[in-house]
Amino acid sequence: MGIEDYGGGQTSQADVLVVTTNDVPGHQVTQVIDEVFGLTVRSRHLGSQIGAGLKSMIGGELKGLTKTLVETRNQAMERLVDQARARGANAVLMMRFDVSEAADVGTEVCAYGTAAVISPS
């Protein structure tokens with residue numbers, strides 16, 4: 001797996017800007033819409049569980065689980081952006097991730113933030 005397999009985030013052509021800050025330099029918030037979130041729950045497949053079990057005995061990165069978590073976070077972000085877009089937002093401010101175990105069968109990832117309309121100042 002290359003470095004591009006471990007990343008995420010948006011492309012420069014994104015129509016909904018997602019930031020972890022309260023504001024966007026050079027822009028003003030003209031409307032706060034509401035909280036938005038993107039949620040997904042992923043189970044681990046048997047192959048990655050066996051590989052993780054073996055790897056945990058000798059140490060090192062669990063690359064299969066890392067890749068699954070990256071894919072899960074990216075899916076949660078896509079759903080966050082889709083919800084913001086559907087509500088008329090062109091930005092999500094104060095975006096955060098929350099990750100937890102879901103009933104010992106998978107990982108729940110929630111991307112959340114504040115949908116807003118911004119314009120250049």
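Residues numbered from 1 in each chain as written. Predicted model: local features only at pLDDT ≥ 70, side-chain atom pairs only at ≥ 80, totals over all residues. Heavy atoms only, no water.

### Points about the overall build of the protein
Reasoning step 1: Helix and strand content of the protein: 2 helices and 4 strands.
Reasoning step 2: Counting from the amino terminus, helix and strand elements in the protein follow one another as β-β-α-α-β-β.
Reasoning step 3: The 121 residues of the protein split such that 28% are buried.
Reasoning step 4: Considering only contacts in the protein between residues 6 or more positions apart, those separated by 24 or more positions represent 76%.
Reasoning step 5: About 7400 Å² of surface is accessible on the protein, with carbon and sulfur atoms providing 53% of the total. (Helix = DSSP H or I, 4+ residues; strand = E, 2+ residues; numbered from the N terminus. Buried < 20%, exposed > 50% of the residue type's maximum accessible area, 1.4 Å probe, protein only. Contact = heavy atoms within 4.5 Å. Areas by Shrake-Rupley, 256 points an atom, 1.4 Å probe, with all protein chains shown as cover.)

### Side note on the packing of aromatic side chains
Reasoning step 1: For the coordinates displayed, the defined rule picks out 0 aromatic pairs.
Reasoning step 2: Above the plane of the ring of F97 lies R73, whose end atom (NZ or CZ) is 3.8 Å from the centre. (Phe/Tyr/Trp six-rings, centres within 6.5 Å; stacked < 30°, edge-to-face > 60°. Lys NZ or Arg CZ within 6 Å of the ring centre and 35° of its normal.)

### Things to note about the pattern of salt bridges
Reasoning step 1: Under the defined criterion, the tally for this structure stands at 4 salt bridges.
Reasoning step 2: Between D34 and R87 there is a salt bridge whose closest N-O contact spans 3.6 Å. Taken together, the residues D34 in strand β2 (residues 27–43) and R87 in the loop between α2 (63–86) and β3 (91–102) connect sequence positions 53 residues apart.
Reasoning step 3: On the basis of relative accessible area, R87 is assigned to the partly exposed category, the value being 40%. (Salt bridge = Lys/Arg side-chain N within 4 Å of Asp/Glu carboxyl O.)

### Considering the nonpolar core
Reasoning step 1: Among the nonpolar cores identified, the biggest contains 14 residues, and V18, V36, L80, A84, V92 and M95 are the most heavily contacted of them.
Reasoning step 2: At the level of elements, α2, β3 and β4 (106–120) are the ones that each hand at least two residues to this core.
Reasoning step 3: Considering each element in turn, this core owes the most residues, 5 residues, to α2.
Reasoning step 4: When neighbours within four sequence positions are excluded, V36 is seen to be in contact with L80, Q83, A84, R87, V92, A111, Y112, G113 and A115.
Reasoning step 5: If you look at the next biggest cluster of nonpolar residues, it comprises 6 residues, including V24, A91, L93 and I118. (Core = buried A, V, L, I, M, F, W, Y, C linked by side-chain atoms within 4.5 Å.)

### Some words on α2
Reasoning step 1: The end-to-end C-alpha distance of α2 is 35 Å, a good match for the 34 Å that 24 residues give at a rise of 1.5 Å each.
Reasoning step 2: In the core, the buried residues of α2 are packed alongside β1 (17–18), β2, β3 and β4.
Reasoning step 3: Where α2 terminates, the next one or two residues include G88, which has phi positive at roughly 90 degrees. (Expected span 1.5 Å × (residues − 1).)

### Overview of the confidence of the model for the protein
Reasoning step 1: Looking at the protein, pLDDT values average 85 and 79% of them are 70 or higher.
Reasoning step 2: Confidence scores differ between elements of the protein, with helix α1 (residues 46–58) showing the lowest mean pLDDT of 56 and β1 the highest of 96. (pLDDT = per-residue confidence, 0-100.)

### Some thoughts on the sheet that holds β1
Reasoning step 1: In spatial order, the strands read β1-β3-β4-β2; together these 4 strands make up an open sheet with mixed pairing. What marks the edges here is a single partner per strand, and that holds for β1 and β2.
Reasoning step 2: One ladder, built from 10 bridges, connects β3 with β4; its direction is antiparallel. Paired with F97 across the strands is A111, a residue of β4.
Reasoning step 3: The sheet contacts of α2 involve β1, β2, β3 and β4, and relative to β2 the element is tilted by about 140 degrees. (Pairing = 2+ DSSP bridges. Axes fitted to C-alpha atoms, helices over the stretch in contact; angles between N-to-C directions.)

### Some thoughts on a nonpolar patch on the surface
Reasoning step 1: On the surface, F37, L39 and Y112 cluster together to form a nonpolar patch covering roughly 250 Å² of accessible area.
Reasoning step 2: Structurally, the position occupied by F37 is in strand β2. (Patch = residues over 30% accessible without salt bridge, like charges linked within 9 Å, V, L, I, M, F, W, Y side chains within 5 Å.)

### Notes on unusual backbone geometry
Reasoning step 1: Positive phi outside glycine occurs at M94, with the angle close to 55 degrees.
Reasoning step 2: Tracing the backbone shows M94 in strand β3.

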